[in-house]
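# A look at the structure
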Amino acid sequence: MSDAPAQGRDFRFPDGFLWGAATAAHQIEGSPLADGAGPSIWTRFAHTPGMTLNGDTGDVACDHYRRWKQDVALMRELGLKAYRFSVSWSRIHPEGTGRVNQAGLDFYSRLVDELLENGIEPLLTLFHWDLPAALDDRGGWLNRDCADWFADYGTTLYRALDGRVKKWATINEPWVVTDGGYLHGALAPGHRSRYEAPIAAHNLMRAHGAAAQAYRAEGRHEMGLVVNIEPKYPAGDSPEDAAAVRRAHAYMNEQFLHPALLGRYPDELKDIFGDAWPEWPAEDFALIRQPLDFVGINYYTRSVTAAGDSYPQRTAVVRQPLGTYTETGWEVFPQGLTDLLLWFKDTYGDLPVYITENGAAFFDPPVAEGGRVRDPLRTDYLRKHLSAIHDAIAAGVDVRGYMAWSLLDNLEWSLGYSKRFGIVHVNYGTQERTPKDSARWYSKVIASNGRTL
Ligand SMILES: CO[C@H](O)c1c[n+]2c([nH]1)[C@H](O)[C@@H](O)[C@H](O)[C@H]2CO
């Protein structure tokens, strides 16, 4: 596929294609302790000096906890058909398990009702990184009891919201949680252990399986898993680069999809983690491998990969001299999304796929007179990736929807408010929302089901 969409091509997407945008609780809500909510590990992490850029926290964020009605009105104005969001676990169970905080449940119930009243389908993610601090105190994802904790939390939400919510996902990006939170320490809870990372990864997948299994007892609709995956291309034609690609691919792309969909880990993980790779009980894989209705794929970039000294996979990402890069240092490579979707279909079969995140941080100009934010690079990024998805659909991949990351500029975790991914600009001082040019463009794409791409 050439990068530029071909002129005159019919970009119509399948009827019923679900066009939306995505956010996550900690990144937009603010008011983390309001109305009886308990702290999460991200509230603790951000309030620990030196953990986030400029000491930025989610105490206010986009103030969505109080401005949710206006934000749904904005989604309606933009013509979104769907909205992917996450629930803050510690709003529902302040201690992580047991006692239910009704005010927290009521917040999400009101949000879901408002979405439905505005013709917007909710896609709910149970866990988008903000583990209740009380559970971290009990070992968090290192404690095998986390599978029961997570299933109980899911069941609380299934009983309260299922039917109004018809598309559920258990976990957002287990790879980032373990690589960032337990191996390299850049993300909450900030651990740096080669021994903890595989244990946390395995328990996250046990928790995924337990929550998906609990859904089948309670729910009547769709359950999925959301992963971040990216194609790994060899930097050169040496055997060392080929082996590095195998390790990088197994470590990011197969580490979680294989157990969830095939009931086993890729063989490379034992080599990658060495003596830190435990022998897992066989019965764990029966729990992990639960029937799923879809997989959510978060796609941002590719990695041109060579042998290197990254830990634990012993690879290096080779910067492309002629490449275009975003503010987060990710190469813009739409073809990678087509390649990835074809790999997914070839490896795991015809399971439906939603692109649950795709977007880019670019340096946006300030809001101009008359309320315009010119962000041509973001529009170009989205257009090219939608074209890449269209190619994959034409090749037979069952892609059902696309959630732009993100609806709003928001808190980019440890990078604080320094990166803007939103199709809507947020003035953090006034909380004023201003749709960027990319949002206006996206509205037309949605209204035409892709034809105006
Ligand atoms: C490493 O890229 C990941 O696929 C990825 C990128 N992103 C994510 N995962 C997370 O799901 C979001 O919360 C981030 O805000 C977003 C932008 O950084």
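Nothing here was measured: the structure is a model prediction, and the numbers come from that model. (Residues numbered from 1 in each chain as written. Predicted model: local features only at pLDDT ≥ 70, side-chain atom pairs only at ≥ 80, totals over all residues. Heavy atoms only, no water.)

### A word on the site of the ligand
Close to the ligand lie 13 residues, the nearest being Q27, H128, E173, E357 and E412. Between the ligand and the protein, one listed contact pairs an oxygen atom with a side-chain N or O atom of H128 at 2.9 Å. Take N172: an N or O atom from its side chain is 3.1 Å from an oxygen atom of the ligand. Within the complex, 89% of the 420 Å² of free accessible area of the ligand lies under protein. (Near = heavy atom within 4 Å. Polar contact = N/O pair within 3.5 Å; in protein donor to acceptor, adjacent residues only side chain to side chain. Areas by Shrake-Rupley, 256 points an atom, 1.4 Å probe, with all protein chains shown as cover.)

### Considerations on the pairing of strand β3 (residues 121-127)
Taking burial as the measure, the seven residues of β3 include six buried ones, the bulk of the element. Relative to β3, strand β2 (residues 82-86) runs parallel, the two being bridged by five bridges. Along β3, the bridge assignment pairs F85 with L124. One ladder, built from four bridges, connects β3 with strand β4 (residues 167-172); its direction is parallel. Among the inter-strand pairings, T125 is bridged to a residue of β4, identified as A169. (Buried < 20%, exposed > 50% of the residue type's maximum accessible area, 1.4 Å probe, protein only. Helix = DSSP H or I, 4+ residues; strand = E, 2+ residues; numbered from the N terminus. Pairing = 2+ DSSP bridges.)

### What to know about the sheet that holds β3
In any sheet, the strands associate via hydrogen bonds between backbone groups, in a parallel or an antiparallel arrangement. An order of β1-β2-β3-β4-β5-β7-β10-β11 is seen for the eight strands of this closed barrel, with the pairing classed as parallel. Across the sheet, the mean angle from the axis of one strand to that of its neighbour is 25 degrees, orientation sign disregarded. (Axes fitted to C-alpha atoms, helices over the stretch in contact; angles between N-to-C directions.)

### A closer look at the side chain of D284
Among the secondary structure elements, D284 is positioned in helix α13 (residues 282-288). For D284, a relative accessible area of 3% corresponds to the buried category. Among the polar contacts made by the side chain of D284, one reaches the side chain of H202 at a distance of 2.7 Å. In contact with D284, not counting residues within four places along its chain, are R144, H202 and R206. (Contact = heavy atoms within 4.5 Å.)

### Quick word on the packing of aromatic side chains
What the rule picks out here adds up to 37 aromatic pairs. A centroid spacing of 5.5 Å and a plane angle of 70 degrees characterise the contact between Y233 and F333, whose relative ring orientation is edge-to-face. With a gap of 100 residues between them, Y233 in strand β6 (residues 232-234) and F333 in the loop between β9 (315-317) and α14 (335-348) connect regions that are remote in the sequence. Three or more aromatic residues joined by ring pairs form one cluster here, namely W175, Y251, Y265, F273, W277, W280 and F285. Above the ring of Y325, the side-chain terminus of R319 is found at 3.7 Å from the ring centroid. (Phe/Tyr/Trp six-rings, centres within 6.5 Å; stacked < 30°, edge-to-face > 60°. Lys NZ or Arg CZ within 6 Å of the ring centre and 35° of its normal.)

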